[in-house]
Each structure stands twice: as C-alpha cells, then as structure tokens.
Amino acid sequence: MFIRTASERDLDAVRALLVETWHATYDAIYGPEQVTAITDDWHSIASLKAQLARPNSEFLVADDGKRLGSMAFAAATTDPKIVLLNQLYVSPGCQRQGIGRALLEEVEASFPEMRTLRLEVEEANAVAIAFYEANGFRTTGRTADCGGSSGLPALILEKRLG
Ligand SMILES: CC(C)(COP(=O)(O)OP(=O)(O)OC[C@H]1O[C@@H](n2cnc3c(N)ncnc32)[C@H](O)[C@@H]1OP(=O)(O)O)[C@@H](O)C(=O)NCCC(=O)NCCS
C-alpha cells in the first residue's frame, strides 16, 4: 500500500470503504440502521466532495494499485496549531498491518504548524482507543455530540507534537 492524496476519482471507492468499515466497526454499538443513516449522510459523495474542497486539510488514501485499504481526513482549525483528525478508517481486511500508523504519520507530517492533533472516538471502540494510545494520544475530555451533529457521546483524545 502506498499513501497518496485523494482525488475526485477516488470518491466512490472511499465511500465503499467507509460504508464497509463503519458497519464492521459500529453495527454492534449503534445498530445497522443508525450506521446506514449516518454513513448515508457523512459519507455521501457530496459530503466527501466538500471535504476534498476544504482549505488547510489533507485527504489521504492508502492504495495498492487495485483497491483502497484506508483513508484519512484531517483539517486545521482556525488556530493552525490545532488540527482535527476527522476520519481514519482501515478496511477490515487490511487492519493490524501498520497502515493506520503509516497514515497517522503522514497526517502528522502534513501540517508543519501543528502542535496538537485532536480527535473524537466512540468510548466503546476499544480497538481504536488502543491504537491511538499506542500512538501517543491521551484522553483530554468528552463531547456529547461527536462530529458536531450526531448527538452521540465520544471521548476527545489529543497528541502533542513538536
Ligand atoms: C483503529 C485503526 C485505524 C487502526 O489501524 P490499523 O492499521 O489496524 O493499526 P496498525 O496496524 O497501524 O496498529 C498500530 C498499533 O496500534 C495498536 N493496535 C492496532 N490495532 C489494535 C487492536 N485490534 N488491539 C490492540 N491494539 C491495537 C497496536 O499497538 C499496533 O501496533 P502492533 O501491531 O505493532 O502491536 C483501524 O483498526 C480501523 O480503521 N478500525 C475501524 C475504524 C475505526 O475505529 N477508526 C477510528 C475511528 S475514530
């Protein structure tokens, strides 16, 4: 898998990766119907296109020439020292092979002014929390509204850089 910037041509494959990975990760927590509703909204082609157009952001994919194994999206806040890692998803068949860590390192290298990388993670998502803790993140708070419009509670994790 090599990591590169996503383009509009990738969006159908990115959406398929997100739908598959969301169902595998969250069906047991939220139920498949709620997962479908969220992913139809957050991961619609229109939403992904809007992400591609966001200023001060990085939209990355891991590609082996045949398929996408992972995607990540991060965007700076109004304070360029604080970057939000909005999405990091490795497809179920590609997990635990170092791809998530490689994408995270690429995100860290992509924002030279960044001092804090912040993300929100579902408290029941023990695999993701173990991954982030193994990569230098610590819990700094909680939100009642993961992603800004879901009404789902989540932990806030941060990594200090520089
Ligand atoms: C969380 C996720 C991004 C991790 O990516 P990955 O490519 O599978 O992880 P890596 O292979 O890079 O793992 C790096 C380290 O993280 C930790 N880790 C990863 N998966 C783990 C697991 N299932 N259990 C415990 N620790 C784990 C380990 O320390 C691992 O190092 P090691 O393999 O040398 O022991 C991936 O599992 C994923 O996409 N999960 C589903 C979607 C998701 O939850 N995304 C995050 C939303 S906030």
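Scroll up to find the structure this text is about.
Cut-offs used in this document
- Residues numbered from 1 in each chain as written.
- Predicted model: local features only at pLDDT ≥ 70, side-chain atom pairs only at ≥ 80, totals over all residues.
- Heavy atoms only, no water.
- Helix = DSSP H or I, 4+ residues; strand = E, 2+ residues; numbered from the N terminus.
- Buried < 20%, exposed > 50% of the residue type's maximum accessible area, 1.4 Å probe, protein only.
- Contact = heavy atoms within 4.5 Å.
- Lys, Arg positive; Asp, Glu negative; His and termini not counted.
- Charge placed at Lys NZ, Arg CZ, Asp CG, Glu CD.
- Near = heavy atom within 4 Å.
- Polar contact = N/O pair within 3.5 Å; in protein donor to acceptor, adjacent residues only side chain to side chain.
- Areas by Shrake-Rupley, 256 points an atom, 1.4 Å probe, with all protein chains shown as cover.
- Nonpolar A, V, L, I, M, F, W, Y, C, P; charged D, E, K, R; others polar.
- Phe/Tyr/Trp six-rings, centres within 6.5 Å; stacked < 30°, edge-to-face > 60°.
- Pairing = 2+ DSSP bridges.
- Axes fitted to C-alpha atoms, helices over the stretch in contact; angles between N-to-C directions.
- Left-handed = near helix turned anticlockwise from the far one by under 90°.

### Side note on the overall build of the chain
Here is step 1 of the chain: For the chain, the count of helices and strands is 5 helices and 7 strands.
Here is step 2 of the chain: Burial analysis of the chain (162 residues in total) assigns 43% to the buried set.
Here is step 3 of the chain: Long-range contacts, defined as pairs at least 24 residues apart, comprise 59% of the intrachain contacts of the chain with a sequence gap of at least 6.
Here is step 4 of the chain: Put simply, the chain has 16 plus and 22 minus side-chain charges, and the middle of one group is 6 Å from the middle of the other.

### Thoughts on the site of the ligand
Here is step 1 of the chain: In the vicinity of the ligand, 22 residues are found, and the nearest of them are V90, R96, G98, G100 and N125.
Here is step 2 of the chain: Between an oxygen atom of the ligand and a main-chain N or O atom of R101, the distance comes to 2.9 Å.
Here is step 3 of the chain: Between an oxygen atom of the ligand and a side-chain N or O atom of N125, the distance comes to 2.7 Å.
Here is step 4 of the chain: In the complex, 79% of the free accessible area of the ligand, which totals 930 Å², lies under the protein chains.
Here is step 5 of the chain: Ranked by residue count, the leading element in the shell around the ligand is helix 5 (residues 126-134), at 6 residues.
Here is step 6 of the chain: Looking at the shell around the ligand residue by residue, the classes come out as 12 nonpolar, 7 polar and 3 charged.

### Points about the side chain of N135
Here is step 1 of the chain: The topology assignment puts N135 in the loop between helix 5 and strand 6 (138-143).
Here is step 2 of the chain: When neighbours within four sequence positions are excluded, N135 is seen to be in contact with R101, L104 and K159.

### Digging into the packing of aromatic side chains
Here is step 1 of the chain: In total, this model carries 7 aromatic pairs according to the counting rule given.
Here is step 2 of the chain: When the centroid spacing of 4.3 Å and the interplanar angle of 50° are considered together, the rings of W22 and Y26 count as tilted. Of the two residues, W22 and Y26 are both situated in helix 1 (residues 11-30); the distance of 4 residues between them amounts to about one turn of the helix.
Here is step 3 of the chain: Classification of W22 as buried rests on a relative accessible area of 4%.
Here is step 4 of the chain: Measuring from ring centre to ring centre gives 5.6 Å for F59 and F73, while their planes differ by 70°; the resulting arrangement is edge-to-face.

### Digging into the sheet that holds strand 2 (residues 57-63)
Here is step 1 of the chain: With mixed pairing, 7 strands are arranged side by side in an open sheet as 1-2-3-4-5-7-6. Each having just a single partner strand, strand 1 (2-5) and strand 6 make up the two edges of the open sheet. Here the average twist between neighbouring strands, direction ignored, is 25°.
Here is step 2 of the chain: Examined bridge by bridge, strand 2 and strand 3 (residues 68-76) share 7 bridges and lie antiparallel to one another. Bridge pairing links S57 to A75 in strand 3.

### Some details on the pairing of strand 2
Here is step 1 of the chain: Buried residues dominate strand 2, accounting for 6 of its 7 residues.
Here is step 2 of the chain: Relative to strand 2, strand 1 is paired through 4 bridges, and the arrangement is antiparallel. From the neighbouring strand, R4 faces strand 2, where its bridge partner is V61.

### A look at the packing of helix 1 against helix 2 (residues 32-42)
Here is step 1 of the chain: Following both chains from N to C, one finds helix 1 and helix 2 inclined at 145°, their axes separated by 8 Å at the closest point. In this structure, helix 1 crosses over helix 2, and the sense of that crossing is right-handed. On helix 2, the residues that touch R15, L18, V19, W22, H23, Y26, D27 and Y30 of helix 1 are P32, Q34, V35, T36, I38, T39, D40 and W42.
Here is step 2 of the chain: In terms of residue class, the contact of helix 1 with helix 2 is built from 9 nonpolar, 4 polar and 3 charged.

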